[in-house]
Structure formats: structure tokens, C-alpha cells
2 protein chains.
Amino acid sequence: MTCHQYSERVSRWQPHARERLERAALELFEEQGFTPTTVPQIAARAGLTTRTFFRHFADKREALFGNAEASSEQVERHLMEAPATLSAAALILHGLEHTTRNHFEGRKDDLRRRSAIIQSDSGLLERNLQKRAAVRDTFARELTRRGHDTTTATLHAEVGVLALFTAIEHWLGEDDDRTLYAFVLESLESLREVVSSYSPDPGS
Amino acid sequence: MTCHQYSERVSRWQPHARERLERAALELFEEQGFTPTTVPQIAARAGLTTRTFFRHFADKREALFGNAEASSEQVERHLMEAPATLSAAALILHGLEHTTRNHFEGRKDDLRRRSAIIQSDSGLLERNLQKRAAVRDTFARELTRRGHDTTTATLHAEVGVLALFTAIEHWLGEDDDRTLYAFVLESLESLREVVSSYSPDPGS
């Protein structure tokens, strides 16, 4: 019925160059490893030219990290549109809820495959650290713009990305249906316990 | 008197190749910027050969980061020798106290100069992120070895490096005589406040 019609439409649909290149890159990285894979191979697998590849990505590494800059701009815009009355913690939660819903939910299998490749290469792990730093800077910038002092802004931003990246790892490792945002809240709870164990007065 | 004798001895003392190269690199990075400075220039300024440079450092970037691997191994050894009875938080504090005392105290001016150069170059900032990740991994590895589960080990390690790197920034920005470790404890206190503001029940 409608289900069948839908899947036929999906299979006939030709994805755009960017997505085709990303898919081809992922397949080749899995089949033969990240290092030996070349840009011409990725382009050929996608049925496109090397020139088209470089219109979309600076190098093969970026074909694995998706449109990180565009995502970062979206998160930034979303934060800027949030109510001015939100506390620092509420703004970070607002940003995390948006990020998890729009950039992660429904992509678990794909993200698992990417994660496995990232873990296999030190250059990719380095790029992943940069990505985390970029999200942190986006959060910190917006908190500073809203008048929070640098220390408060930085610590909230650090807590936000720590909760997000810890949650991503747990979420990718689980097969249940809980949302990534539920894992974010769980990570924040664990972090609270950990941080409170440093208290000179644990009872307070 | 003794003061004069001492300073004469210092000026006559020939530092070792590694330190001479580090000093020359720092001077040249400050004078003409990181990017235009070449390894032959650094070697020449230190009165040594390019070949000697490469016996000590893989590239000019490493001449700025000192002996990061050796420091990391020292921290690891120190953690392994700590009493088995320490809690996770106590072990992290033990490691931070050792790290700040042995790798930072007494070097504030030098570290300030290095920090200014790192902030000027994206490749150096990336290397700095890696350094932070390496310290985190050292902490996490030791906690795991002591039987803590991965989540606990990772979160304690993340909290440790976050406190350390936040503290370093504040410490470098201040001219008072407080130790870096005092700033670490202050950062942990601020972090505790920040994290508790995410609590669903802030009164607990």
C-alpha cells in the first residue's frame, strides 16, 4: 500500500552529489581503510568527477565529517533565537536538544559506521577533537554575547560538549530506542555525581 | 657577593642542545611569527645543525610543546605509584598536584610566551587539543586499571583536564603568587557550581 509506494519512490530517488560522495567515501573507507582510499576512487564510486568532489569537500577527511560548518551555523542561529530570559544552563540544554534532534536522531547506523572509521585513524581523531572544540566555542560565544563572564561561559560550554560527546558514545553503543537527548541528561547526572566527589564538603 | 657569583655562573653555563633549540624557536616565533620560521633558522639561532634539531624534535611545532611525551610518562608513573586506597577524585587531585608542581610552577613567563604563540596558529591550537586529550587518556587509563568502569574513569579524567586547562588560563592571566594548584581547586569549585545548575532538583 502506501508503504510500498513510498519505498519505491525512495529507491528511484537519486540523491544529490554531496550525499553520493559521502556514501561512496564511507563504503570505501570501510572496505579498504581510510589511508589507502583516494579522492579519484571516491568520485568514481559515486559516478562523479574528482572536480565535483572538490566542489563539495576540501579533502577526503571532510567527506566523513559531513557538513560540519553548516551544522555549526545552524546550531548558532538556533541559540541566538532562544528566549533572552533563559539561564546559562537552560540555553545549553536548549542547544543540546536541538543539536541531538536535528543532527543525530535517525542516523544511528550511519553514525556508528563513521565512528568506527574515526577510531581507526589518528588524523580523524584529531579532526573529531576540533569538531568538539568548535561546538564548545559556538556555545561559549553565545553565552558571552548574552552577558555571561568568560569563565561561566567557558565552563557551561565545556560541560555541554562533554555531556554531548559522552552521550553520543553511550547512545551508539546501545540498541534501545531512547533518544540521544535522554543520554545527554543521563551524562549530566553522572557528571554531577563525579564533580560533587571533589567537594571539600560532600554533604553540602 | 654571592648574588654576583651566582649570576656569573648562570651566564657562563651552556645549556643543553634541547633547551637551546627550544629557546631559539620561541624567540624566532615571537620575532617573525610561527609560519615563516624554518627549522634551519632555529638551528642557526641555537648555534647547532639542522640534523641536531631533528634528533630532538620531529618538527618545529614540537620545539614549542617541549617534551610532551616524557612529561606524560612521568605523570603516568606518578599515578601508578599512588596508594591503591585513593578514591577516583583523590587520584585525579594527586595527579593534578604533581603535574602543576613539576611541569608548570616556576615557568609562568615562559609558558605565557608559548601560550601567546599557540593562540596565533590553528595548527598549534590543534596540537594543544591533542595534548589535553593525551593527559585525559593518561588519567582515564589509570582509573580503568584500578577497576573503575569506563564511564566513571572517562568523566573523572575529563573533569581533571578541564580543571587543569581552565586553571592554566587563569593562572597565566594573573600576576599574584598563588600556585597553579590553587587555581585548579578554584576551577573545580566553579565547575561544581556550573554543573549543579543543570540539576532537576537544585536544592539537593
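Computed from a prediction, not measured in an experiment: that's the story for all the values here.

1. As for the overall build of chain A
A tally of helices and strands in chain A yields 11 helices and 0 strands. Seen through its C-alpha atoms, chain A measures out along the principal axes to roughly 60 × 45 × 30 Å. Burial statistics for chain A: of 204 residues in total, 29% are counted as buried. Contacts in chain A between residues far apart in sequence, at least 24 positions, make up 58% of those at least 6 positions apart.

2. Some thoughts on the interface of chain A and chain B
Taken together, the contact pairs 25 residues of chain A with 26 residues of chain B. Elements represented by at least two residues in the side of chain A that touches chain B include exactly helix 9 (122–145), helix 10 (150–173) and helix 11 (180–196) of chain A. At 9 residues, the largest contribution of residues to the side of chain A that touches chain B is made by helix 10 of chain A. Of the residues assigned to the side of chain A that touches chain B, the class counts are 11 nonpolar, 11 polar and 3 charged.

3. Points about the domain arrangement of chain A
Residues and elements named next belong to chain A. Segmentation of chain A into domains returns domain 1 (2–57) and domain 2 (67–196). Here domain 1 and domain 2 have C-alpha centroids that lie 27 Å from each other. At the interface, 4 residues of domain 1 touch 6 residues of domain 2. Taken together, the residues of the side of domain 1 that touches domain 2 break down into 3 nonpolar, no polar and 1 charged.

4. Points about the relation of the copies chain A and chain B
Overlaying chain A with chain B gives an RMSD of 0.0 Å, the required rotation being 180° about an axis along which the chain moves by 0.0 Å. Read as a symmetry element, the transformation amounts to a two-fold axis. Scanning chain A for the C-alpha nearest the rotation axis identifies Leu129 of chain A, at a separation of 3.4 Å. Interface overlap between copies is the fraction of interface residues in one copy that are interface residues in the other; for chain A against chain B it reaches 100%, indicating a shared surface.

5. So, the environment of Ser87 of chain B
Assignment of secondary structure puts Ser87 of chain B in the loop between helix 6 (68–80) and helix 7 (88–103). With 13 C-beta atoms packed within 10 Å, Ser87 of chain B lands in the partly exposed category.

What counts, and where the lines are drawn
Residues numbered from 1 in each chain as written. Chains lettered and ligands numbered in written order. Predicted model: local features only at pLDDT ≥ 70, side-chain atom pairs only at ≥ 80, totals over all residues. Helix = DSSP H or I, 4+ residues; strand = E, 2+ residues; numbered from the N terminus. Buried ≥ 20, exposed ≤ 12 C-beta atoms within 10 Å, placed from the backbone. Contact = placed C-beta atoms within 7 Å. Nonpolar A, V, L, I, M, F, W, Y, C, P; charged D, E, K, R; others polar. Domains from an automatic or database assignment. Least-squares fit on C-alpha atoms with pLDDT ≥ 70 in both.

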